Amino acid sequence: MIEIREATKNQAAEIARLIMMAMTDECCLYYCADGCGLGAFRKMMTYLVNREDSQYSYRNTLVAMDGEKVVGISVSYDGSMLHELRRAFIEAAKEYVGKDNSGMGDETQAGELYLDSLAVLPEYRRQGIARRLILATKEKADTMHLPCVGLLVDKGNPDGEALYSSVGFKYMNDSRWGGHEMKHLIWLDAAAIELLSTEVV
């Protein structure tokens, strides 16, 4: 029986592995200096998951558990905190992977719970776990009184886009991240949709 719950610090290595799976190896290497490998990036991500002031912190993570095994993750945070939370990544990247990423564009904004990373281990896919993690992330947005959940999906990942569309995410605009062309998708709660429709009228 798969259980969705808040992550704990001792799961950092497993969470880091799944975040990298969500990012893809190509995007991970995009944020590394030439000649730096995925091993160094994984050490950095494990360090960032362990921190409490990082966008990738265990405190921002929901985990899908099969017994004591982490089989899926959803990492999300308040978009208004992006610059504050990203400082840890920029500092760590200089130290661990030798690259200054301070010129990164913004992938989220205030008013949005940003779903940064969603991943499920390959052997656990097609069991509805990703969908359950997304729904739990929507509930988190409600708890935080954020009317919108936003994410970026790679234009080369139609299966991912289809999953998000099936649970109510809509196309907002185009974006770029990790050297890839992305689509910015959003999900609005009922109150936000009603407000928007009133404004349109």
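Because the structure is a prediction, the values reported are computed rather than measured.

Undergrad: Explain the layout of surface pockets to me, please; I cannot follow it from the model alone.
TA: Rolled over the atoms, a probe as big as a water molecule pinpoints where empty space is left. Estimates place the volume of the largest pocket at around 1000 Å³. Surrounding the largest pocket, 35 residues form its lining, Leu 118, Ala 119, Asn 157, Gly 160 and Tyr 164 being those nearest its centre. Contributions of two or more residues to the lining of the largest pocket are made by α1 (12-23), β4 (112-120), α5 (129-143), β5 (148-154), α6 (158-166) and β7 (180-188). No other element matches the seven residues that β4 contributes to the lining of the largest pocket. When grouped by side-chain class, the residues that make up the lining of the largest pocket number 20 nonpolar, eight polar and seven charged. When its volume is computed, the second largest pocket comes out at roughly 230 Å³.

Undergrad: Sorry if this is basic, but what is going on with the pattern of salt bridges here?
TA: For side chains bearing opposite charge, pairing can occur when the charged atoms are close. Using the criterion set out here, one finds eight salt bridges in the structure. With a shortest N-O distance of 2.7 Å, Asp 53 and Arg 51 are connected by a salt bridge. One continuous salt-bridge network, built from bridges that share partners, spans Arg 86, Asp 106 and Glu 107.

Undergrad: Looking at this structure, how should I read the sheet that holds β4?
TA: Strand pairing in a sheet relies on backbone hydrogen bonds. The paired strands run either parallel or antiparallel. Taken in spatial order, the seven strands of this open sheet run β1-β2-β3-β4-β5-β7-β6, and their pairing is mixed. The open sheet has two edge strands, β1 (2-6) and β6 (170-177), and neither has a second partner. Averaged over neighbouring strand pairs, the angle between their axes works out to 25° when direction is ignored. In this sheet, β7 lies alongside β5 in antiparallel orientation, the contact comprising seven bridges. Looking at the pairing, Asp 154 lines up with Met 182 of β7. On the sheet, α6 packs against β4, β5 and β7 and is oriented at approximately 160° with respect to β5.

Rules behind the numbers
- Residues numbered from 1 in each chain as written.
- Predicted model: local features only at pLDDT ≥ 70, side-chain atom pairs only at ≥ 80, totals over all residues.
- Heavy atoms only, no water.
- 1 Å grid on protein atoms, 1.4 Å probe; cavity = no way out; pocket = protein on both sides within 12 Å on 5 of 7 lines; lining within 4 Å.
- Points joined across faces, edges and corners; volume = space filled by probe spheres on them.
- Helix = DSSP H or I, 4+ residues; strand = E, 2+ residues; numbered from the N terminus.
- Nonpolar A, V, L, I, M, F, W, Y, C, P; charged D, E, K, R; others polar.
- Salt bridge = Lys/Arg side-chain N within 4 Å of Asp/Glu carboxyl O.
- Pairing = 2+ DSSP bridges.
- Axes fitted to C-alpha atoms, helices over the stretch in contact; angles between N-to-C directions.
- Contact = heavy atoms within 4.5 Å.

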